[in-house]
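# Observations on chain architecture
Read off the chains here:
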Number of protein chains: 4
Amino acid sequence: MLISAIPRIGTLPSGRCDAITDVHSVAVGHATLADGEVQTGVTVIRPHAGDPFLQRVPAGFAVLNGFGKSVGLLQVEELGVLETPIALTNTFSVPAVAAAQIRQCIAANPECGRSLPTVNPLVFECNDGFLNDIQRMAVEESHYLQAWASAGEDVAQGAVGAGRGMSCFSLKGGIGTASRRAGTHTVGALVLANFGLLHQLIVAGQPVGKRLARQPAEAEKGSIIMLLATDAPLDARQLRRLALRAGAGLARTGSVFGHGSGDIALAFSTAYALPQRREDPTPAVALLHDGLLDELFQAAADSTEQAILHALWHAESVTGRDGHARPALSALLRELGSP
Amino acid sequence: MLISAIPRIGTLPSGRCDAITDVHSVAVGHATLADGEVQTGVTVIRPHAGDPFLQRVPAGFAVLNGFGKSVGLLQVEELGVLETPIALTNTFSVPAVAAAQIRQCIAANPECGRSLPTVNPLVFECNDGFLNDIQRMAVEESHYLQAWASAGEDVAQGAVGAGRGMSCFSLKGGIGTASRRAGTHTVGALVLANFGLLHQLIVAGQPVGKRLARQPAEAEKGSIIMLLATDAPLDARQLRRLALRAGAGLARTGSVFGHGSGDIALAFSTAYALPQRREDPTPAVALLHDGLLDELFQAAADSTEQAILHALWHAESVTGRDGHARPALSALLRELGSP
Amino acid sequence: MLISAIPRIGTLPSGRCDAITDVHSVAVGHATLADGEVQTGVTVIRPHAGDPFLQRVPAGFAVLNGFGKSVGLLQVEELGVLETPIALTNTFSVPAVAAAQIRQCIAANPECGRSLPTVNPLVFECNDGFLNDIQRMAVEESHYLQAWASAGEDVAQGAVGAGRGMSCFSLKGGIGTASRRAGTHTVGALVLANFGLLHQLIVAGQPVGKRLARQPAEAEKGSIIMLLATDAPLDARQLRRLALRAGAGLARTGSVFGHGSGDIALAFSTAYALPQRREDPTPAVALLHDGLLDELFQAAADSTEQAILHALWHAESVTGRDGHARPALSALLRELGSP
Amino acid sequence: MLISAIPRIGTLPSGRCDAITDVHSVAVGHATLADGEVQTGVTVIRPHAGDPFLQRVPAGFAVLNGFGKSVGLLQVEELGVLETPIALTNTFSVPAVAAAQIRQCIAANPECGRSLPTVNPLVFECNDGFLNDIQRMAVEESHYLQAWASAGEDVAQGAVGAGRGMSCFSLKGGIGTASRRAGTHTVGALVLANFGLLHQLIVAGQPVGKRLARQPAEAEKGSIIMLLATDAPLDARQLRRLALRAGAGLARTGSVFGHGSGDIALAFSTAYALPQRREDPTPAVALLHDGLLDELFQAAADSTEQAILHALWHAESVTGRDGHARPALSALLRELGSP
C-alpha cells in the first residue's frame, strides 16, 4: 500500500474548508466542457463580490518559468493591482476568455476605454492538448460568463473547469485547492496542475512516482498556475514575495520547473482595495511588517503543495482526444492493491 | 513659419527607404478600417519570409511603462525569441488578433500544440478610443490575415493600419518608420505613436508644441509601441539593451513616459534564426561585442525619434467617433501660415 | 554667443533653493580630495536627520544601463527601503565607503548583525579615472564620515565631493542639483554626471555640443547616477516608476545610455518611514493615486535635466592625473566669445 | 536510527569527485579563520585558470530572496559575464574582499579603469554572526589572495572557508558541493549553506528535523548562496534559467526562502569565453537548444540538494562568539543512537 489517504502537508492548521475560499470574499466557479474530443473548460476566481475594475485588489506575481501565454501580467507588474476576476483556461482559448472579460467590463462600466482607462484582462493557461482537441478552440465567451456566474464558496476539484483536460505527473491533473492559517491571517491556494512525469512524483516526501512508473517517460511539456489569496494587509511587493514561495511547495512535489512549461504564481490580498478613479480617496493602510512574513511564506508553500495533491486526489480518469487517457491517481493506487 | 519640412534627426545616414524594411527580409503590411465611428486597423511586421514559428528570430524588449495590454512578452523574456509576426492593433482587438495568429500557426503547423509546442501570439496595442469606437471591437481575424498578406517593403505611414485611430501630441498620430546605418549594420524603427499632449511636443529640439498649443491640456492617456529591427548579430540580452535606447529617442520628442500609457520597445535581429525543433541544429553565431554597440544605440534612438516625426508628418486629419477629430500636424502648420 | 546664462528647463516652478534639499529633511554633504593626481571624493545624501537603519524610507530604482558597480540595490529591490544614507564616490572606492557605512551603523546599533539584521550599504559610483588616479583608491572611511558630518541644506555643485574628478560631455562634470514643484509636492534631483561626448551635448534642446566640438570623439565610457527625493507619499513600486522618468531628462541632454556606462536612477520618499524592528508598528499610509503621478513624472524629468546642466555650469576646470584636463563649460564658452 | 549514511539524491550519475570541480577547469580554494570569537573565512571559485577579466565566462543568476548584500550582480545582469573569480565570505567582510579583487585585477591589468574598463568585483555573503564576531570585520585582503592561491580540484567541505561560521537548520552548516552528469554535460554545485531551522530539515524526503528538534525555534535569519558550473554551451539567459532550478533543490531540503535571507543562485558556463577587449574576435558558439535543457535542470536541482546535505554531513561542531555553538549533524545523530 503506497498511500491510503491523502497526506496532510505541514503543521499549520487549515481554514474551515481547506480551500482558497477560506479567505473571506473569495469565490470560485467553473464551466466544464466534456464531450468526446473536447475536454476543457474555464475556471474563474473572484477576489470579492464587487466590481474588481472599480475596486482593485493589490497583487504580485513570480514567474518560475515563462514558457507560457498568460495575459495581463505586464500591467500587474507596473500597477500592482488586479482589475478583473482571474480566469484560467487552455492555451488557445486565452483570446476568447480575454475578450469575454473586456465585454463584461464594458457592460458594467460604459466609460471603459473612454473617460475611464481600458481594462486589463487577466487570463492564465495551461496546454491540455493531450486529452483535449485544443486546436478546436472550443471555449466561448459564454463559458467564461457561466463560470463567473456560478462562483461561490464551494470549490469543485480535479477534472473540472480549466482542469478538465489537464495532466499531472502523467496522471489526471486539474484543479486543486487548500488553505493554511498563519497566526490571525489565512493563505489560500488554488492550482491548475498540468506538469510533471510520473517517475518524478513525490507525495509528502515519498518518491511515490518512482514506484508507480512502469514505462519510459515522455518529455515534460506541462505547466502549472498557482494562485494565492490572503487577508493579510500586503502590498504588491510583498505579494510578489509571497507568490514566489508557492514555488517551494511545487518543488517538493518533484517539479524542477521544466523547460516546456509555464510555471507562474500570483498572489493577491483582500485586505483592502485601491480605487480605479483618481477622484476617489486611497485607503490608509498599515502593511504587515516584512519581518512577520515567514509564517505566511510557510503557509504559501504548504497550501500550494497540498493543493497539488488535492488536484491529483480528486481527479477522475478521463479519456479524450484520439483515445488518449489519463488515469486518476486513486484508480492507479486501487489497481496496485491500495485501498 | 515653424517647420517647413520634416527635420532630419542626427548625423547617421539612413538606409535606402528610411524605413524598417531597410533591414533585409523585414516586411510590413496594414489593414485599415475607416468608416464613420470605426477608425482602427491592424499592422503586421514580418521578420522574414519564412515561417517564424519554425525559424525563430532572437528578440528582447524594454518596458518603459507597463500600463498596457500587449500579449506575448512573458515568453519572449524567457526564451528570447519571436515565433509569430509582430502585430499591432487597438487595445480591445488584441484577443481577435491573437486568435488569428494562433489559427494561422496551426494551419501552417498541424502539430502545433500537440507534438510541437503551442505558439506564442505577439500583439501590441494602443488605445485609439478617442477617434475609434473601440468598444465595438471591430477588428476581425480576417483583417490580421489581410495585413499579413499585404506585407512588403513599402511602408505606408500616418493614419493607416493600427495607426488609423491613434492620437499623438493631441494631433493625428499613427504609424511612422525610419532607419539609420551604424557602420556595416542597419537599425530600423517602426512606431505606433499614440501619446503626448500638444504643449509637450518637441521637434528636433524645438518646443514646437508650446507655440501651437492654444487650450488647456486634457490628461495624458496615450502610449507608444516602438519596434526595432537590425541585421547585426545580437542575442536577446543585447536586443533588450538596444530596445531600451528607443526610449531616449522617445524622450527627445517631449515624452516623460506618462502614467496612463503603455510605452514598450522591442528589438529583433534578422542575422540568424533559432530552430523550433530541438532535433534541428542551432547555428554557430559570433555575436557583436558589446563594446561595439554604441553606434547601434545611437541609431536606435535616432531612428525612433525620426519615426515619431514621420508618423506626425504623414498623418492626415481624421474625424471619428462622436465627431471627435484630430488635425494633422501639416494642416495645423498650414493654418498658422507655415507652408 | 551660444549661451549666456544657464537655461531653465520646463514650466514647473522650482523649490526655494532649486536643490534636492528643497524636499524637507534631506541634507547633502561632500568630502573633496583635490591634490595633484588625486581628484576625487565622497558625497552623502541623508534622507532625514534620524537613524536611517531604524527609520527606513521607501525607495525604488531603475537601471537604464547596468554596466556599473554600485552596491546595495539587490536589497532595495527586495525590501523597498533604504537603511543607510546614500553615498556617491569613484568606482574603486566603493568598498571603502561601504565599510564606513557598516561601521557607522554598528556604532549606532550595537546589535546590528546580531539580534538586528545586518545593514545594507548603499554606494553608487562613477569612474573618474581620466582625471583621478583611481587605482590609488585614495578615499578612506574617514572621508565618508566627513561628508556625512558636513551634510546640510546648502548643496555645493560642480567639481566637489564625488564629482571632483568626473567628466561630462568631454567637459568638467560632477555634482548638480535642482528641484521642481508638482502641485503640493516637491521632487528634488541630485546627479553625479560623468557621461557623454562633447558633440552629443544638447542644452535645452539646442545642439550646443555640435558647435563646440572640434576634435574626433573618444569612446563614451561614462555614467551617471540620478537621485530623486520627494515628499509625496509613494511606495517602492511608485518610486521605481518615478526614478525611471529621470531617464527622460537624461535623454534630453543628448545621452543614449551608452554601453560603457552605469546609468542608474533611484528615488526615495520622505513622507513616511518603515521601522526596522518588527515589534514597532508600521504607519498607516494613504498613498498617492497612480493616476496623479504625471506631474511628478514631469518634475522628475525636468529636475534631472536641470541638475545635469547645473553640474556642467558650476564645474570649474580641473587638471589631474598625467596632466589630463577637463575644461569648464563656462570657460569654453568664454573662449568662444560668450560672456 | 535516522540516517546512517548520507543519502544520494536523484538518479543522475555524479562526476568523478561529486564536486563542482568535476566541471573541467573549475577550481576552489579556502582561507579559514578559526580562533575563538573569530570563526569565518573566504572561499574562492575560479572558473578557469586564465585571467577572468580578459576571458569572461557567461553567467546568469536568480534571486529567490534578495535580503542580501552580495555585490556585482547589477553588471552580471547587464553584460551576462563574470570578470573575476567568485568570492564567498561573511556579510561585513564583503568590502574587504571586493577591494582585494579590484587590486588583484589592477595588478594583472595595469590599464584597468583607464584604457580598459573598471573591473566588477563579485562577492557573495551570508551572515555568520551567531558563531562569528562579524562586527570585528576580521577578513583581510590577504585572506582572499590566500584562498585564491590555494584553489584546486579538491574541495574541502563543511566548516571551512566562508562556511566556517555558518549555521544551517540550527546545526553547523557551511560549504558543500556535488555534481551530476546530464548526458554528455556536467553540472556542478557549490553552496554556502546558512539557512533554516531544525524542525524544517528534510533529508531526501524524510522530515528528519521534526524528529530531532527539541526546542522552540528562533526566527529564521539565514541565507544560502548556490553556485552552479556547467560545461554545456549556454548563454546568460539560459544560465539564469539553470540557476533558478537550484531553488527546487533548496526547497526539497525544507526551505521556504525565508524573509530574513539572501537566497541567490548563480550559474556560469566554461564552454566558451567572451573577450574583454572589443578588438578581440568573439567566438562562434552553437548554444544548446532550450528544448534540451530539462536534464540539466534536473542536474541543477539534484546537485544543489546534494551539496546542502554534504555541507551538513561534513561540518564539524563549532563553538564561537560568546560561547555560541552549533552541533554537527553527525554528532547529533550519534547522540541519538544513530551510528
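So, here is what we can say about the structure in this document.

Conventions we followed
Residues numbered from 1 in each chain as written. Chains lettered and ligands numbered in written order. Predicted model: local features only at pLDDT ≥ 70, side-chain atom pairs only at ≥ 80, totals over all residues. Heavy atoms only, no water. Pairing = 2+ DSSP bridges. Helix = DSSP H or I, 4+ residues; strand = E, 2+ residues; numbered from the N terminus. Axes fitted to C-alpha atoms, helices over the stretch in contact; angles between N-to-C directions. Contact = heavy atoms within 4.5 Å. Buried area = accessible area lost by both parts, 1.4 Å probe. Salt bridge = Lys/Arg side-chain N within 4 Å of Asp/Glu carboxyl O. Polar contact = N/O pair within 3.5 Å; in protein donor to acceptor, adjacent residues only side chain to side chain. Nonpolar A, V, L, I, M, F, W, Y, C, P; charged D, E, K, R; others polar. Least-squares fit on C-alpha atoms with pLDDT ≥ 70 in both. Buried < 20%, exposed > 50% of the residue type's maximum accessible area, 1.4 Å probe, protein only.

On to the sheet that holds strand E4 (residues 59-66) of chain B, then. All names here are of chain B. The strand order E4-E12-E11-E10-E9 describes an open sheet built from five strands, whose pairing is mixed. Looking at which strands have only one partner, the edges of the open sheet turn out to be E4 and strand E9 (174-182). Going from strand to strand, the sheet's axes swing by 15 degrees on average, the running direction of each strand aside. Here E4 pairs with strand E12 (residues 262-269) via seven bridges, running antiparallel.

This paragraph deals with the interface of chain D and chain B. At the interface, 24 residues of chain D touch 24 residues of chain B. Interface area, chain D with chain B, both sides summed: about 1800 Å², of which 48% is carbon and sulfur. When the buried surface of chain D facing chain B is broken down by residue, D:Glu78, D:Arg278 and D:His289 rank first, second and third, together holding 31% of it. The interface formed by chain D and chain B includes two salt bridges. Notably, a salt bridge pairs D:Arg241 with B:Glu78, separated by 2.6 Å at the nearest N-O pair. Taken together, the connections running from chain D to chain B amount to 18 residue pairs in polar contact (both at pLDDT 80 or more). For the side of chain D that touches chain B, the elements supplying multiple residues, two or more each, are helix H1 (73-79) and helix H5 (236-251) of chain D. By residue class, the composition of the side of chain D that touches chain B is eight nonpolar, five polar and 11 charged.

Quick look at the relation of the copies chain D and chain B now. It takes a turn of 180 degrees to lay chain D on chain B, together with a shift of 0.0 Å along the axis; the resulting RMSD is 0.0 Å. Each copy turns onto its partner about a two-fold axis. When the interface residues of chain D are mapped onto chain B, 100% of them again lie at the interface, so the same face is used by both copies.

Tracing the sequence through the fold places A:Asp290 in the loop between strand E13 (274-275) and helix H6 (294-314). A residue is classified by how much of its surface remains accessible, and A:Asp290, at 10% relative accessible area, is buried. Between the C-alpha atom of A:Asp290 and that of A:Leu333, which follows or precedes it by 43 residues, the distance is 43 Å. In this structure A:Asp290 touches A:Arg237, A:Gln238, A:Arg241, C:Leu79 and D:His259, once residues within four positions along its chain are discounted.

In the case of a regular strand, side chains alternate between the two sheet surfaces. Residue and element names in this part refer to chain D. In terms of residue burial, strand E10 (residues 185-194) counts as a mostly covered element, since 10 of its 10 residues are buried. Sheet analysis places strand E9 (residues 174-182) next to E10, joined by nine bridges and oriented antiparallel. Each bridged residue has a counterpart across the sheet, and for Thr-177 the counterpart in E10 is Leu-190. Linking two consecutive strands that pair antiparallel, namely E9 and E10, is a turn of two residues; a positive phi of about 60 degrees is found at Gly-183 within it. The pairing of E10 with strand E11 (residues 223-230) spans eight bridges and is classified as antiparallel. Each residue of the ladder has a partner; that of Ala-193, found in E11, is Ile-224.

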